[in-house]
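# Report on the structure
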Amino acid sequence: MAITLTADVLQDDIAVSLARAIATANKRAREAGIDVMQSIITITQRAFDGNLLWRINYGPKNYIGRRGGDFIVEIDPADASVKQVLRGQ
């Protein structure tokens, strides 16, 4: 079901920044072999050198009895560039 975004949504800087960040992170996760649809995705902000980064974490949905394995992508909201990729063990 396609939904057309209204002008007020497109003017929400946080919403647009987050949409760009999650699209970039999803692409990087898929390239690394992560099944994005089968992941629990959490998003936080993190300060780095005076700037904020979006930290997008992909964890397994079936996490009981598992340790580690998370895939984390940090995105600069200014230009949606990948700043760091971390893989849990």
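Use the structure listed above.
Thresholds applied
- Residues numbered from 1 in each chain as written.
- Predicted model: local features only at pLDDT ≥ 70, side-chain atom pairs only at ≥ 80, totals over all residues.
- Heavy atoms only, no water.
- Helix = DSSP H or I, 4+ residues; strand = E, 2+ residues; numbered from the N terminus.
- Pairing = 2+ DSSP bridges.
- Axes fitted to C-alpha atoms, helices over the stretch in contact; angles between N-to-C directions.
- Contact = heavy atoms within 4.5 Å.

### Some remarks on unusual backbone geometry
Outside of glycine, negative phi angles account for most residues, and trans bonds account for most peptide bonds. The phi dihedral of Ala80 falls on the positive side, at around 60°, and the residue is not glycine. Looking at the secondary structure, you find Ala80 in the loop between β3 (71–76) and β4 (81–87).

### Let's talk about the sheet that holds strand β1 (residues 39–48)
With antiparallel pairing, 4 strands are arranged side by side in an open sheet as β1-β2-β3-β4. Where the open sheet ends on each side, the last strands, each with one partner, are β1 and β4. Each strand of the sheet is rotated relative to its neighbour by a mean of 20°, with strand direction disregarded. Across 5 bridges, the pairing between strand β2 (residues 51–60) and β3 is antiparallel. In the sheet register, Asn57 faces β3, and the bridge partner there is Ile72. Across the sheet, helix α2 (residues 13–31) is in contact with β1, β2, β3 and β4; its angle to β2 comes to roughly 45°.

These figures come from the coordinates and say nothing about function on their own.
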